[in-house]
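# Chain and residue survey
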Amino acid sequence: MESLATGLRCVWCAAESPLDYLIECSRCQGLLELHYDLTEGAKRGPSMLSGGTLWRYAAFLPIRDPAHRVSLGEGQTPLLEAPRLAAVLGVRRLLLKFEGSNPTGTVKDRSSATAVAAARQFGYPAISVVSTGNAGSSIAAYASRAGLRAFIFCYERASPPKLAHMAACASDLIFYQGVYDDLITIWDRVIQELPIFDGGASRNAYKQEGKKTLAYEWAEQTDFHLPATLVLPVAVGEVFIAAWRGLSEMSRMGWIERVPRLVAAQSARSNPVVTAFNEGRALTPLKIGYTVAEGLACGNPERKGEWVLKILRESGGLAADAEDEEILEAQRLLAHTEGIYAGPTGCATLAVLVNLLRAKQIDPDEPIGCVISETGLKSEVTPVRPQGIIPTYEGVKTLLLERLAQAP
Ligand SMILES: *Cc1c(COP(=O)(O)O)cnc(C)c1O
Ligand SMILES: [Zn+2]
């Protein structure tokens, strides 16, 4: 299936542009979003989708030539019923979209696939990104896969597994001091002056677009009957905006009856969107420090943050945050009740859900969906210090008999 993309449109002033490599509106510097021939999608219906990976949704992605596509087998992540966790939380039905099964273990692979494919489409031999770890390892992997050079700027305090992953895949790994916000404004300026494709989250519509497939997949996995409420993580806002875009497109094509209510979840130590939303005012940049939800550490999401607020306000969404301790507790609970080992960033949504249920802001009787955006295998861990038993037949058998007699 060929791409149905028809052009770019400014989110702010609605000025239209052709499908070129533009990262902001030439009239007002606003953010651009992609547009598609949805009449065709409405006519053909969901049966038009075929094949696996993210490119199953190629019709709704902006890559024209299939030769430019790149894949490591991303997408098609499991949508898991979580009955034991639902019982603990006191909700009727909980569905978890586990993005940890993507090739580099996070939701970022969806946008890396379209970013690197778009870099190829527009003839760029190199791509760059500023990262707290996940975006860096994902862009590096997809760039390698496509034979592109990757300039990865990474946060010094990224977890050792993420550092090792980036060091293995990136052609050029550069560390920076401070937090994401300290570098991103400078990098955004420099990158547009060089022959390097913008793999960052601030502006590039082509990059963000891949994350839209999360919504398409989720809809397909529920036979187009999505849960009433979906909880999504927000750092810069790509996952949230892209999911919203996917849901809106499906709604306009008549594939889904209504768009679920969206909840923007942030870490309490990095919560500019939640603060602005709850105080009913414009986005104000925050000076932030460390949070265990490393992937959500962004105090100044700029125009993307404003876009998230616009969506929340126009659609009647919700925004809430959780403290680091609550996030770590949610991580333990998820692993213990459902066997899903996710990193703290990936569990922020769950911690926020717990808080919203406690505050009675979400109805426990309606189905709830939650994105678990990363694996736990890329996070720094507190070492487990085992004390081994001396293995003997009698010893092992006695031990197990004793344990069986105890409560779990
Ligand atoms: C980057 C990231 C997010 C959220 O990112 P946005 O910038 O809001 O799109 C969520 N979860 C994980 C694991 C991430 O790496
Ligand atoms: Zn504009």
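Residues numbered from 1 in each chain as written. Chains lettered and ligands numbered in written order. Predicted model: local features only at pLDDT ≥ 70, side-chain atom pairs only at ≥ 80, totals over all residues. Heavy atoms only, no water.

### A look at the overall build of the protein chain
Counting its regular elements, the protein chain contains 14 helices and 13 strands. On C-alpha atoms alone, the protein chain measures out to a radius of gyration of 21 Å, which is about the 22 Å that the 2.2 N^0.38 rule sets for 408 residues. Based on the C-alpha atoms only, the size of the protein chain along its principal axes is roughly 75 × 45 × 45 Å. Each of the 408 residues in the protein chain was classed as buried or not, and the buried ones make up 59%. A total accessible area of about 17,000 Å² is found for the protein chain, and carbon and sulfur atoms account for 53% of it. (Helix = DSSP H or I, 4+ residues; strand = E, 2+ residues; numbered from the N terminus. Rg over C-alpha atoms; globule rule 2.2 N^0.38 Å. Buried < 20%, exposed > 50% of the residue type's maximum accessible area, 1.4 Å probe, protein only. Areas by Shrake-Rupley, 256 points an atom, 1.4 Å probe, with all protein chains shown as cover.)

### Thoughts on the nonpolar core
The biggest cluster of nonpolar side chains holds 138 residues, and the ones touching the most others in it are Phe60 and Leu94. Other than its neighbours up to four places away in sequence, Leu94 contacts Leu80, Glu81, Ala82, Leu85, Ala86, Leu89, Leu353, Ile368 and Cys370. (Core = buried A, V, L, I, M, F, W, Y, C linked by side-chain atoms within 4.5 Å. Contact = heavy atoms within 4.5 Å.)

### A look at unusual backbone geometry
The backbone of Ala14 shows a phi angle near 65 degrees, a positive value even though the residue is not glycine. By the secondary structure assignment, Ala14 is in the loop between β1 (5-10) and β2 (16-17). Here Gln76, not a glycine, exhibits a phi torsion of approximately 50 degrees, which is positive. The topology assignment puts Gln76 in the loop between α1 (38-44) and β4 (79-81).

### Thoughts on the coordination of the zinc ion (ligand 2)
Looking at the zinc ion (ligand 2), one finds its protein donor set to be Cys10 (SG), Cys13 (SG), Cys25 (SG) and Cys28 (SG), positioned 2.3 to 2.4 Å from the metal centre. What the four donor atoms of the zinc ion (ligand 2) show is an angle range of 98 to 116 degrees at the metal, which sorts the shape as tetrahedral. Read in sequence order, the donor residues for the zinc ion (ligand 2) give the motif C-x2-C-x11-C-x2-C. Placement of Cys10 in strand β1 and of Cys25 in the loop between β2 and β3 (32-36) is noted, with a sequence separation of 15 residues between them. (Donors = N, O, S within 2.8 Å, 3.2 Å for Na, K, Ca; no water. Tetrahedral: all angles 85-135°; square planar, octahedral: opposite > 155°, others 65-115°.)

### A closer look at the side chain of Thr213
Position of Thr213 relative to the elements: it lies in helix α8 (residues 213-221). The class of Thr213 is buried, set by a relative accessible area of 1%. For Thr213, the residues in contact, after removing those within four places along its chain, are Leu54, Tyr57, Leu61 and Arg110.

### Some remarks on the site of ligand 1
In the vicinity of ligand 1, 15 residues are found, and the nearest of them are Lys108, Asn134, Ala235, Gly237 and Ser373. Between an oxygen atom of ligand 1 and a main-chain N or O atom of Ala235, the distance comes to 2.7 Å. Contact between ligand 1 and Glu238: an oxygen atom at 3.0 Å from a main-chain N or O atom of the residue. Surface burial for ligand 1 is 97%, taken as the share of its 390 Å² of free accessible area covered by protein chains. (Near = heavy atom within 4 Å. Polar contact = N/O pair within 3.5 Å; in protein donor to acceptor, adjacent residues only side chain to side chain.)

### Digging into helix α10 (residues 272-279)
One turn of an α-helix holds 3.6 residues; hence residues three or four places apart share an orientation. Of all eight residues that make up α10, six are buried, and the element is covered over most of its length. Every buried residue of α10 is accounted for by Pro272, Val273, Val274, Thr275, Ala276 and Phe277. Taken together, the buried residues of α10 touch β11 (261-267), α11 (302-315) and β12 (318-322). The positive-phi residue at the C-terminal boundary of α10 is Gly280, with phi of around 60 degrees.

### With respect to the pairing of strand β6 (residues 126-131)
The buried count for β6 comes to six of six residues, which makes it a mostly enclosed element. Summarising the sheet, β6 and strand β7 (residues 149-155) pair through six bridges and their orientation is parallel. Paired with Val130 across the two strands is Phe153, which belongs to β7. The parallel pair β6 and β7, bridged by helix α4 (residues 134-146), forms a crossover whose chirality is right-handed. (Pairing = 2+ DSSP bridges. Right-handed = clockwise from strand over helix to strand, strands pointing away.)

### A few points about the sheet that holds β4
Reading across from one edge, β4-β5-β13-β10-β11-β12 is the order of the six strands in this open sheet, with mixed pairing throughout. Edge strands, defined here as strands with exactly one partner in the open sheet, are β4 and β12. Mean inter-strand twist for the sheet, computed between neighbouring axes without regard to direction, equals 25 degrees. Examined bridge by bridge, β11 and β12 share five bridges and lie parallel to one another. Bridge pairing links Ala265 to Ala320 in β12. Each of β5 (94-98), β10 (229-233), β11, β12 and β13 (368-372) is contacted by helix α13 (residues 344-358), which is oriented at about 150 degrees to β13, the strand it contacts most. (Axes fitted to C-alpha atoms, helices over the stretch in contact; angles between N-to-C directions.)

### Brief notes about the sheet that holds β3
The strand order across the open sheet built from three strands is β2-β1-β3, with neighbouring strands paired in antiparallel fashion. Edge positions in the sheet fall to β2 and β3, since each has one partner strand and no second. Pairing between β1 and β2: two bridges, direction antiparallel. Its bridge partner being in β2, Leu8 is matched across the sheet by Ser17.

### Considerations on the packing of aromatic side chains
Under the definition given, this model contains twelve aromatic pairs. Judged by centre distance (4.5 Å) and plane angle (25 degrees), the ring pair of Tyr21 and Phe197 falls under stacked. Note that Tyr21 is positioned in the loop between β2 and β3 and Phe197 in strand β9 (residues 197-198), a separation of 176 residues in sequence. Assigned by exposure class, Tyr21 and Phe197 land together as buried. (Phe/Tyr/Trp six-rings, centres within 6.5 Å; stacked < 30°, edge-to-face > 60°.)

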